Amino acid sequence: MSVRILSADQMRWADMTTTEAGISGFELMDRAGRAVADAVLDYMPDFGRVVIVIGPGNNGGDGFAAARYLRSRRIPVTLVMLVPLDTLGGDTLMHAELAREAGAKLRDASSDRCFAELNRWLLRAVMVVDAMFGTGLTRPLSGRLAKAVAQINQADRPVLSIDIASGLNADSGEVMGDAVKADFTLPVAAYKWGYWMGVGPEFSGRLLPASAIGVEDETLCRAWAAVPDPSVSKDSTVLRSACFIHSDMIGQAWPKRHRLSHKGNFGRVWIFGGSAGFTGAPRLASLGALAAGAGLVSVVCPDDVYPVVASGSLETMVHSQSSGAWMREGDGLIDQADAIVAGPGWGCAQTTLLARLLDVDRPLLLDADALNMIAADAALQSRVSERDSLTVLTPHPGEAARLLSCTVDDIQSDRKKAVLKLCKRYACWVVLKGNETLIASPQGDVMLNPSGSPQLAVAGSGDVLAGMLGRQLAVCYRNDTDVGMMLGAGVGLHGEAGEQNGWYLAGELAGMVAGLRQGIERKHGD
């Protein structure tokens, strides 16, 4: 299963490279058409007529190929063509003739005189396949093409879009004049950024697994270097690779626990946070670390909130900030830490302690108020970028805007570019939280989290995530595990927990995380 994410130009390069290696364009269309037909059969609500709306280019060729495979399963098919048949050529025309021979109806809707054919057949459909444009669209739709999109959207029929909803920019998720509101989108060979960028999620519907049409994974990976991503290269940032977080990645992060395990085997996480009015944040972070599997968790908090934090943290060791013993050089308790989390509920009066933590030779996750202090202090910014140890920033869009001295709209308008700019400026890993959280490495590797739910928009869910990722960093420190895989698995598990029913408080979210994590560990023991 492909999990790669490519730009439209990168995908064109991969297609061209594949055909040069010996797989014909006709064969690529044929395989895409078979995948489309299989998806239609899986998701059509009832037996009946399938209407495939054909536009120019390869997307239309995929539609013709799908029609032939549907006819082989005795599905009635009508192909409504928005371009004249005699303007088609090459592989697309060959598939059109094969579809006609298989018994599909070809109907012309390419002129004002016959455009009513589209609506006439849409009303007869049990399912509509959008084979109009795919990733090749470069200019806004207008005239009959825009009218065709509007009619598809008004027809009240389930729609499956081939590769990407027609009218949606494959790179930015921008609507090009108008766009089909798909119920299902079947990516061809690899995923495209437009599914998640901009308003893409509102038009893509349910994103199906990418169809394998013969483009090798090695070719998809080479495309990143062969064709620079246009949205980031102009800012001197580098996108070296892009994929989304998947179930195999999450499964690798939590192997079966050995029968003779003890708490020292699963990581020691230290959390610095808490202030008056924000005593819950470090406690929730500690629950997140424990839910993700940490063996030992300690919290260091200011003296004025120590009694509250300590009394509410039965499973966590709590230390007052002024005691000093925890950070005595050479033999302080913090020397036992495998990873440090700083910032949840901390307030912005902790710059001195934050500076000391930046000198500790341990993986360090900076969250919440730690990020706000860094954004306001050029010296701290330099200290972060100069750290030799593993560093992770976990901003939400507002914190990211402060770190980059821009607006939240700037961040949200191109989250991919924003996360790469943060990595470049601070020379560290970044987890840009939000809908479709992005994780990026200093080298330019990006992972996208497709899981999650609006239920996660609740106070404390980010604190739980900070603790979970602290545990992941502790495992990296102890076992020299792949950082990207561990961070991706943590974010993915947090998103999957957020999708579960039966919780509404962040503390309950931690319980959901623990249940899913334990299920993964047990699965490895089966």
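To keep things clear, this report deals only with the structure shown in the data block. Everything quoted here is computed from the prediction, not taken from an experiment.

**Some remarks on the overall build of the protein chain**
Item 1. Counting its secondary structure elements, the protein chain contains 21 helices and 19 strands.
Item 2. Here the C-alpha atoms of the protein chain give a radius of gyration of 26 Å, agreeing with the 24 Å that 2.2 N^0.38 yields for 526 residues.
Item 3. Referenced to the eigenvectors of the C-alpha coordinate spread, the extents of the protein chain come out at roughly 85 × 50 × 45 Å.
Item 4. Here the protein chain holds 526 residues, and the buried ones make up 58% of them.
Item 5. Once local pairs closer than 6 in sequence are excluded, the contacts in the protein chain between residues at least 24 apart make up 71%.

**Section: the side chain of Asn169**
Item 1. Positionally, Asn169 belongs in the loop between strand 6 (159-162) and strand 7 (184-186).
Item 2. Asn169 has contacts with Ile164, Glu174, Met176 and Gly194, leaving out every residue within four places of it along the chain.

**Some thoughts on the layout of surface pockets**
Item 1. Of the pockets and cavities examined, the largest pocket occupies roughly 730 Å³.
Item 2. For the lining of the largest pocket, the elements supplying multiple residues, two or more each, are helix 16 (397-404), helix 19 (461-479) and helix 20 (483-499).
Item 3. Ranked by residues supplied to the lining of the largest pocket, first place goes to helix 19 with four residues.
Item 4. Residue composition of the lining of the largest pocket, grouped by class: 12 nonpolar, 16 polar and six charged.

**Details of the sheet that holds strand 9 (residues 206-207)**
Item 1. Taken together, seven strands build an open sheet; the order of strands is 4-3-2-5-6-7-9 and the sheet is parallel. The sheet is open, and its two borders are formed by strand 4 (105-108) and strand 9, each paired with just one other strand.
Item 2. In this structure, strand 2 (residues 50-54) lies alongside strand 3 (residues 77-81), joined through five bridges in parallel fashion. By the bridge assignment, Val50 is partnered in strand 3 with Val77.

**Overview of the sheet that holds strand 14 (residues 339-342)**
Item 1. If you trace the 10 strands from one edge of the open sheet to the other, you get 10-19-18-17-16-15-14-11-12-13, paired in mixed fashion. Strands at the two margins of the open sheet, each flanked by one partner only, are strand 10 (241-244) and strand 13 (317-320). Put simply, the sheet's adjacent strands are angled 15° from each other on average, direction ignored.
Item 2. With four bridges connecting them, strand 12 (residues 296-301) and strand 13 associate as parallel partners. Along strand 13, the bridge assignment pairs Ser298 with Met317.

**Topic: the pairing of strand 6**
Item 1. Judged by which residues are buried, strand 6 turns out to be covered on both faces: Val159 and Ser161 on one side and Leu160 and Ile162 on the other are all buried.
Item 2. Bridge count for strand 5 (residues 127-131) against strand 6 is three bridges, and the pairing is parallel. Considered in strand 6, the bridge of Asp130 is made with Ser161.
Item 3. With helix 6 (residues 143-154) bridging strand 5 and its parallel neighbour strand 6, the resulting β-α-β unit is right-handed.
Item 4. Across three bridges, strand 6 lies against strand 7 in parallel orientation. Paired with Ile162 across the strands is Leu186, a residue of strand 7.

**Some points on the pairing of strand 11 (residues 268-272)**
Item 1. The buried fraction of strand 11 is high, at four of five residues.
Item 2. In this sheet, strand 12 lies alongside strand 11 in parallel orientation, the contact comprising five bridges. Its bridge partner being in strand 12, Trp270 is matched across the sheet by Ser298.
Item 3. For the segment spanning strand 11, helix 11 (residues 280-291) and strand 12, crossover handedness is right-handed.
Item 4. Note: strand 11 against strand 14, four bridges, orientation parallel. Bridge pairing in strand 14 places Val269 opposite Ala339.

**Side note on the nonpolar core**
Item 1. Ranked by internal contacts, the top residues of the largest apolar core, which has 187 residues, are Ile52, Leu79, Phe272, Leu357 and Leu366.
Item 2. Element by element, the count of residues in this core is highest for helix 19, at nine residues.
Item 3. Contact partners of Leu366, with chain neighbours within four places excluded, come to Ala342, Leu354, Leu358, Leu371, Ile374, Val384, Thr391, Val392, Leu393 and Thr394.

**Comments concerning the packing of aromatic side chains**
Item 1. The tally for this structure, following the rule as stated, stands at seven aromatic pairs.
Item 2. Residues Tyr195 and Trp196 carry aromatic rings whose centres are separated by 5.6 Å and whose planes lie at 80° to one another, so their mutual orientation is edge-to-face.
Item 3. Ring geometry for Phe272 against Trp346: centres 6.5 Å apart, planes inclined by 55°, an arrangement best described as tilted. On the criterion of sequence distance, the pair formed by Phe272 in strand 11 and Trp346 in the loop between strand 14 and helix 13 (351-358) is long-range, its members being 74 residues apart.
Item 4. Here Trp346 falls in the buried class, since its relative accessible area comes to 2%.
Item 5. The rings of Tyr191, Tyr195, Trp196 and Phe244 are connected pair by pair, giving a single aromatic cluster.
Item 6. Over the ring of Trp121 we find Arg124; its NZ or CZ atom is 4.4 Å from the centre of that ring.

**Details of the packing of helix 1 (residues 8-20) against helix 8 (residues 217-226)**
For any two helices packed against each other, one specifies the crossing angle of their axes together with the interaxial distance.
Item 1. Relative to each other, helix 1 and helix 8 sit at 125°, their axes nearing to 9 Å. When the interaxial angle is binned, helix 1 and helix 8 end up oblique. The two elements helix 1 and helix 8 cross, and the hand of that crossing is right-handed. In contact with Gln10, Met11, Trp13, Ala14, Thr17 and Thr18 of helix 1, helix 8 contributes Thr219, Leu220, Arg222, Ala223, Trp224 and Ala226.
Item 2. Residue composition of the contact of helix 1 with helix 8, grouped by class: seven nonpolar, four polar and one charged.

Quick notes on the rules
Residues numbered from 1 in each chain as written. Predicted model: local features only at pLDDT ≥ 70, side-chain atom pairs only at ≥ 80, totals over all residues. Heavy atoms only, no water. Helix = DSSP H or I, 4+ residues; strand = E, 2+ residues; numbered from the N terminus. Rg over C-alpha atoms; globule rule 2.2 N^0.38 Å. Buried < 20%, exposed > 50% of the residue type's maximum accessible area, 1.4 Å probe, protein only. Contact = heavy atoms within 4.5 Å. 1 Å grid on protein atoms, 1.4 Å probe; cavity = no way out; pocket = protein on both sides within 12 Å on 5 of 7 lines; lining within 4 Å. Points joined across faces, edges and corners; volume = space filled by probe spheres on them. Nonpolar A, V, L, I, M, F, W, Y, C, P; charged D, E, K, R; others polar. Pairing = 2+ DSSP bridges. Axes fitted to C-alpha atoms, helices over the stretch in contact; angles between N-to-C directions. Right-handed = clockwise from strand over helix to strand, strands pointing away. Core = buried A, V, L, I, M, F, W, Y, C linked by side-chain atoms within 4.5 Å. Phe/Tyr/Trp six-rings, centres within 6.5 Å; stacked < 30°, edge-to-face > 60°. Lys NZ or Arg CZ within 6 Å of the ring centre and 35° of its normal. Parallel < 35°, antiparallel > 145°, perpendicular 65-115°, else oblique. Left-handed = near helix turned anticlockwise from the far one by under 90°.

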